[in-house]
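# Inside the fold
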Amino acid sequence: MQSSTPNPLAPDSIEQIRQIMKEFTEVRSIHAAFNGVMIHDPNYSDQVFQSIYDQLNKVFSENSNKDTFEFGIKHIISIAGSHKNEETVDIIMSFLERLISTSVIPARLTCDLFLTSDKLIHSNARFWIKSFVLIRKVIEGVDYKGVREIMKTCLDKLATFPERVPPTLLTQLDSVIRLIEYIFDRKSCLLPAYFIVNEVLKSYPDNKKYPHWRVSELLWNFVNSFRPIAQMVTVIGRSKMLPVVEHSMHAGYLIHSWKLDQSNLRFVLKGNLPYDKELLQPQEKLLRYVLEQPYSRDMACAIVGLQKQHKMRCIALEERIVELVVLAMEKTEAEMNQANESQSGFEEISGATLWLWQHLSTQLIFFVLFQFANFPSIVLSVHDKLAEVKLFKGRDFLMWILLQFISGSIQKNPLSDFIPVLQLYDLLFPEKEPLSVPDLTKPYCTCQMASTCIWIHVLKKAQTDSMPLPRPLPSALNKHYEFLQMLVQPGSTQPQLQINDFRIALLCNAFSTNQDHFSRPMAALVEAIHGTSGGSSTNPVAPLSVQVLDSLTVHTKMSLIHNIVTHIMKVASTKSTTQGLAPALIETYARLLVYMEIESLGIKGFISQLLPAVYKSQAWGILHTLLEMFCYRLHHIQPHYRVQLLCHLNSLAATAHMSVAQLHLCVEMTALRLVTGFNSVDVHSQLSRVVSESKTLVSTESEELNRALVLTIARAIHVTGADSVTGSGGWFREILMLIMQNTPHNWSAHTIQCFPPVLAEFFQQNQVPKENKQHLKNMVEEEYMNWNSMLSNEQELIEHFSMIGTPPLFLCIVWKMIIDRDSIHPAAYKILDRIGPKGLSTHLRKLCDFVVSEFSNAGKGQHVTKLIDAVIDFIWKYNVIPFDRLLLCMVLRTQEGNEAQVCFFIIHKLMVQSPDFRMRIQEFVKENSPEHWKQTNWHEKHKNFSTKFPEVFLFEDQQHSQLPVYFGNICLRFLPVFDILIHRFLEVNITGKSMEVILDQTGALYKFHDRPITYLYNTLHYFESRLRDKPVLKKKLVGSIIGSLKDIKPPNWALSDQYNSYLTTLSDEVNWTPELDYYVTLIARFVDVIEGSRKIFSGVDWRYNEFPNPAAHVLHSTCVEIMGLPVVPTIASSAILDVVMQGRAVMVASESGAAIESWLNATGLILVSLPDPYWLVLHERLVTTVKKLNNPWIHNYSPLILYDFKAVQESYLYSEYSSLLAITHAAWHHLGTGHIHHILLLITEGFLPIVKNEIQLLYVCHMIGPFLQRFNGEKPQMVCRLTVALYDLLSNVDRETSSETELVYMDIFCDLLYHIKYMYTGDIVKNEVETKIRNLVRASLRLRLRFITHLSLEDIAHSSSGTGSTINGISNNHLFSNPMMS
């Protein structure tokens, strides 16, 4: 039998305590009973006390078991709580205090047992008071976590007092308050004050339901002492800041600054601090603003944390959609009210309002489809809102957007989801008389009849489900219903449906869920773009207009695009060489692909289904057409689709099927457009995501494509600072390594000088051997001799020069043929055909190097002219290599020094001297418009141009036929090459006006650039240092590219009046230095656009625009204009800062009714969207201001007031400190992740050497405090380094300030450091800061920070400097007053 383990809680110990206390109380009772007849010994009380203490000391000391302690102390407390004799209670309290002070029993346990004792009640006044007195005496022995629990319990005890405390309870209340006051006393420093405020705000959120007024004052004062911290960690004007949706600079939605709590739309704030009420309100405006912007759904989801894979309803999102619907109703009502009696009012509706309705339709479909919003709830909310505001004139547009969703979803969802829509009929259609049938030639007739179309869909669903509808059709819609039913009545009398009115759209919209009636109008649509089979017009060229497509429901558009894709795949599978695709069909398909609401069947299906199917069928003509369509017709393609297509194309280019020169050129040019068209932020976000798939991301053979990818990565790193996101640039290193593995190459010194340092270092470390130009010349001469020697044997010629392993010099030989004979031998074409387009790429690179080498040695005169003429004939007369392909290769070759100058001399001659290219540009620009979506005759003009300037892609005697061309030509293909060409000119730093002459002759081509402002922005940003001292060239660049669009864009669509006037001056006049008013006007325009108060883009269809929304357009245009000014960055940036600093922003904002925070928001966005030399002027000004703060404080207000932007504005004061802080907050709030390392450099290198006093340190804390939360989310290590820097700054101030001078803001600094520790760093930096805290001069500082390092009080009492500074302090309560004021 096993022996049982002895119980560590010895029963005799517990019994001993009981016995000791029993004897004590019995003796005390006898003493009390016979007090009047006893002879009193003066030492008796001391003896009793010592005796009891010794006995209890022995018992507790011999038993270490926790339960023994707890039972023993609880028993003693119970006796104290129930004993009636006051002296007895005093003795018990005394020996308990002695036991605690001698560490016999733990102070924390004793305090806890007192506070949880059932004897601690108001009515037991003596025990209550003495308990709290004792706790106050011994609480210093409790650790800070225990003190926090005691404080929480005390606050709970306070809540037990009645609201009106009677006089009998005042003493009890006082005893608790005295204890709380002691805990709250910052000088006693029993626990971090940060813990106290946290508990107070948790117990009394929003300062509500405070207990007794005496306690309320205490709590309010303490909470109020933390207002400086709340101010210090708050971004000035944050609740009024707005992002630019889809901004290519930093992808605003990736930044933590915009995150909102999904349930209440509040900012996710760190720490329980007394934040400003504005900051704690739901940020409804922010979400509503984002939702209102086109192409904003991804950002809207990111802000509230919605993910497609998680079906999660968001009530707040629904409410904002309803608000936008009501807003659209208000705008429609206001605009239709401007119509006179003879008008319907529809003509008065602005393009911006129509666009808003169209956009709301897309948003509604997306958010309901992914179950982020509930359709019936939205409908009911809209009904309730409209019933309140009585807005009815926009009813047709409202029913139209509801029809969009209903038509596509009613078959898959229960009827009950759509019954709420019927409630809107009673509200919106109260007319007793039927409405007349609208004019069917007007596009808005489809909106006017949308309500009837909805009724037909709902009725059809009810009949299918055998369920009755709860109400009949409203009388107002009877004629509409009868008209639609009449159109589908069977019979031979039905008129043929035509595209020139909107009956087809009406029928499709009403009966898309009824196949019996839907097939006829759909067939009419299909016939319009396919052509009639067997008829004379089998290939229609006029596509369906955007107006017609907009008048169709989503369900109809889905059916139409499905029909088109099925037809294309069917034609591709037949491999028919005679049956081509109708131009109308392709153009219509391209227009359908812009609709985001049909993305799955649209662009997603195009990339992932249609293109692979066509490739599998080897239908090269159709593949060529589809790639052309992608290049010249599609806009706003999401970056992940672009990456996916690029990978497809690189895989396709590597296959053996790419023997068709025309298709090879198309694939390469499409890939080039994809690579160069990436937004800077997309390069990092997308390419880093697919690094594991980089084998398909990088071309296996095309050095030109890989070089273009390197240049794009370089630009992206420069603009976004993406190299600092992961430190060593690991996200692109693997891509670069693969590029060097597939297509090893070097970069010239002038290009590497422009590269970001990480990229320059990579290519300097990964050099490849350079080819000897003399060796190349000798090889060409040798092969040319071989050619001449074999001329008599054509078969031998062909075999030799097309044989694998032969040096790739045949194009050099062809060029020499032209020089020597002014003709090409027929056998050469056969050899070129055998080599194939892929093989010719290598030959072309050798040719470019050889041509440059020959020109370099040619000297001057007739021979140079002959060489140039030979190159021109090589391209235009003999069609050996297309002009764009040759120039792309030449401009991307690595040439150094004089050879680089020669290379660009050749390019200049080819572009300027040759009339062939110049004539084509002039004709194309004159006859065509880039606004293809507004045209019906593009194909006709395209054919005319092709007939006048035919392109030959086949050599003589080639077997296969030329592929059909629907969109492209040499002019359009040259645009991405032109982009690279300009950049290479800027790298080489060519003297003279070569670039200006080229822009004069060919710059008009930028009229057809799909992203001209973005290209200008990237160019001026990347080459800022190269262009800084070339104002004439900057002026020419901006003027040529923006000026190319003057015929099709309205005035001031991009640039301001003043800048346009500057462009009209003589090209060499660059002495303009704008006044401050100029910058005020620029910023005011941006403010108006963001806030929606200025409709300068009301007629823009954002689906086909370069930018997705007005704010993005104006931001980039403004930055282009500022970078294009003939002033250095410091002047321009200083002026931008002065708009706020000199009070102009405040004046203009007050005059226009805009908030000054909106100006700060706009200014910050503009600054950080400019290159580093512009916005870093802000940091220079910050350093200057902090230096100035080292002087004695002479102002009439405390720093905390003059650093508070809101207080300064509300008090009508002026403070350069708060203005500079406000602009800094706005800039850093919008600053891209890749650039925030500059902030750390500012603190460690800019401020650390100059901060000497606490006024300076307070300013620095106001600067960086608001961004700790963002840094923690994006760069956690940076928070740690900033924290260490803050301790260094505090050490500086502590050391530089006389030890006899009290630090006024000491508690604020300590509170901030505790906030950082508990919200961000934890113990990560504990070891680094411990030494810094120990070495602080002031013991009072060490005392306050001791909980970070667990310093003992003995350590603190010893001053590290030997100055004997005492543990002293000052509270925060009066920091906002100024001691110097009279």
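Conventions we followed
Residues numbered from 1 in each chain as written. Predicted model: local features only at pLDDT ≥ 70, side-chain atom pairs only at ≥ 80, totals over all residues. Heavy atoms only, no water. Helix = DSSP H or I, 4+ residues; strand = E, 2+ residues; numbered from the N terminus. Contact = heavy atoms within 4.5 Å. Areas by Shrake-Rupley, 256 points an atom, 1.4 Å probe, with all protein chains shown as cover. Buried < 20%, exposed > 50% of the residue type's maximum accessible area, 1.4 Å probe, protein only. Disulfide = S-S within 2.5 Å. Polar contact = N/O pair within 3.5 Å; in protein donor to acceptor, adjacent residues only side chain to side chain. Phe/Tyr/Trp six-rings, centres within 6.5 Å; stacked < 30°, edge-to-face > 60°. Lys NZ or Arg CZ within 6 Å of the ring centre and 35° of its normal. Axes fitted to C-alpha atoms, helices over the stretch in contact; angles between N-to-C directions. Parallel < 35°, antiparallel > 145°, perpendicular 65-115°, else oblique. Left-handed = near helix turned anticlockwise from the far one by under 90°. pLDDT = per-residue confidence, 0-100. Nonpolar A, V, L, I, M, F, W, Y, C, P; charged D, E, K, R; others polar. Salt bridge = Lys/Arg side-chain N within 4 Å of Asp/Glu carboxyl O.

### Concerning the overall build of the protein chain
Helix and strand counts for the protein chain stand at 71 helices and zero strands. Seen along its three principal axes, the alpha-carbon backbone of the protein chain occupies a region of about 150 × 90 × 85 Å. In the protein chain, once contacts between residues fewer than 6 apart in sequence are set aside, the share between residues at least 24 apart is 78%. Counting every atom, the protein chain has about 55400 Å² of accessible surface; 51% of that belongs to carbon and sulfur.

### Some thoughts on helix α48 (residues 994–1002)
Turning to α48, its buried residues are S994, M995, E996, I998, L999 and T1002. Those residues of α48 hidden inside the fold are in contact with α44 (897–912), α45 (915–927), α47 (970–988) and α51 (1031–1043).

### Topic: the state of the cysteines
Scanning the entire structure with this criterion turns up zero disulfides. Note on C314: no disulfide assigned, nearest cysteine sulfur contributed by C301 at a separation of 9.2 Å. On the basis of relative accessible area, C314 is assigned to the buried category, the value being 1%. C447 forms no disulfide, and the closest cysteine sulfur to it belongs to C445, at a distance of 8.5 Å.

### As for the side chain of T1019
Position of T1019 relative to the elements: it lies in helix α49 (residues 1012–1022). Within the structure, the side chain of T1019 is placed 2.7 Å from the side chain of H983, a separation counted as a polar contact. The residues contacting T1019, other than those within four sequence positions of it, are H983, L986, L1027 and L1037.

### Side note on unusual backbone geometry
In this structure, K390 is a non-glycine residue whose phi angle is positive, near 60°. Here K390 is to be found in the loop between α17 (375–389) and α18 (395–409). Phi is positive for Q618, close to 55°, though the residue is something other than glycine. Among the residues examined, Q618 registers a relative accessible area of 37% and is labelled partly exposed.

### Some points on the packing of aromatic side chains
For the structure shown, the criterion picks out 61 aromatic pairs. Between Y1078 and Y1079, the ring centres sit 5.1 Å apart and the planes meet at 80°, which makes this aromatic pair edge-to-face. Residue Y1079 is classed as buried on the basis of its relative accessible area of 2%. Here the aromatic cluster, defined as three or more aromatic residues joined through ring pairs, consists of W876, F883, F917, F974, F978, Y1006 and Y1015. A cation over a ring is seen here: K1049 above W1053, with NZ or CZ 5.2 Å from the ring centre.

### Concerning the environment of P915
By the element assignment, P915 lies in helix α45. When the C-alpha positions of P915 and I872 are compared, they lie 9.7 Å apart, and in sequence the two are 43 residues distant.

### Quick word on the side chain of T1224
Within the secondary structure, T1224 sits in helix α62 (residues 1216–1230). Residue T1224 is classed as buried on the basis of its relative accessible area of 0%. A distance of 2.7 Å separates a polar atom in the side chain of T1224 from the backbone oxygen of L1220. When sequence neighbours within four positions are dropped, the list of residues in contact with T1224 reads L1178, L1182 and M1263.

### Things to note about the packing of helix α43 (residues 883–891) against α47
Close contact between α43 and α47 brings their axes to 9 Å; oriented N to C, the two are set at 15°. Considering the angle they form, α43 stands roughly parallel to α47. Our pair here, α43 against α47, has a crossing hand that is left-handed. Contact residues: α43 offers F883, D884, L887, L888 and V891, while α47 offers I970, R973, F974, V977, I980, L981 and R984.

### Details of the confidence of the model for the protein chain
Per-residue confidence for the protein chain averages 88 on the pLDDT scale, and 91% of its residues sit at or above 70. Looking at the elements of the protein chain, mean pLDDT is at its lowest for helix α71 (residues 1353–1357), recorded as 67, and at its highest for helix α64 (residues 1254–1264), recorded as 97. Across residues 1–9, confidence stays below pLDDT 50; counting only partners more than four residues off in sequence or on other chains, it has five contacts. Contacts from residues 1359–1382, a stretch scored under 50 in pLDDT, to residues over four places away or in other chains number 59 contacts.

### Observations regarding the packing of α64 against helix α67 (residues 1306–1321)
Helix-helix packing is characterised by the crossing angle of the two axes and by the distance between the axes. Running from amino to carboxyl end, α64 crosses α67 at an angle of 30°, the nearest separation of the two axes being 11 Å. As for how α64 packs across α67, the hand of that crossing is left-handed. Contact residues: E1254, L1257, L1258 and C1261 in α64; M1306, I1308, F1309 and L1312 in α67. Residue composition of the contact of α64 with α67, by class: seven nonpolar, no polar and one charged.

### A short note on helix α32 (residues 680–687)
Counting buried positions over the eight residues of α32 gives seven, a clear majority of the element. Three or more residues of α32 are buried, namely S680, V681, D682, V683, H684, Q686 and L687.

### Observations regarding the pattern of salt bridges
Counted under the stated rule, the structure contains 57 salt bridges. Across the pair K1036 and D1000 runs a salt bridge whose closest N-O atoms are separated by 2.3 Å. With K1036 in helix α51 and D1000 in helix α48, this pair connects stretches of sequence that are 36 residues apart. Ionic pairing is found between D1307 and R1344, a salt bridge with its closest N-O pair at 2.5 Å. Of this pair, D1307 sits in helix α67 while R1344 sits in helix α69 (residues 1339–1344), and the two are 37 residues apart along the sequence. The pair formed by D1307 and R1344 is uniform in burial state, with each residue classed as buried.

### A short note on the environment of D1010
Turning to its location among the elements, D1010 is positioned in the loop between α48 and α49. Along the primary structure D1010 and Y632 are separated by 378 residues, whereas in three dimensions their C-alpha atoms are 8.1 Å apart. With sequence-adjacent residues up to four places away left out, D1010 is seen in contact with R673 and E1106.

### A closer look at the environment of T1297
Position of T1297 relative to the elements: it lies in the loop between α66 (1276–1296) and α67. Placed 356 residues apart in sequence, T1297 and K941 show a C-alpha to C-alpha distance of 80 Å.

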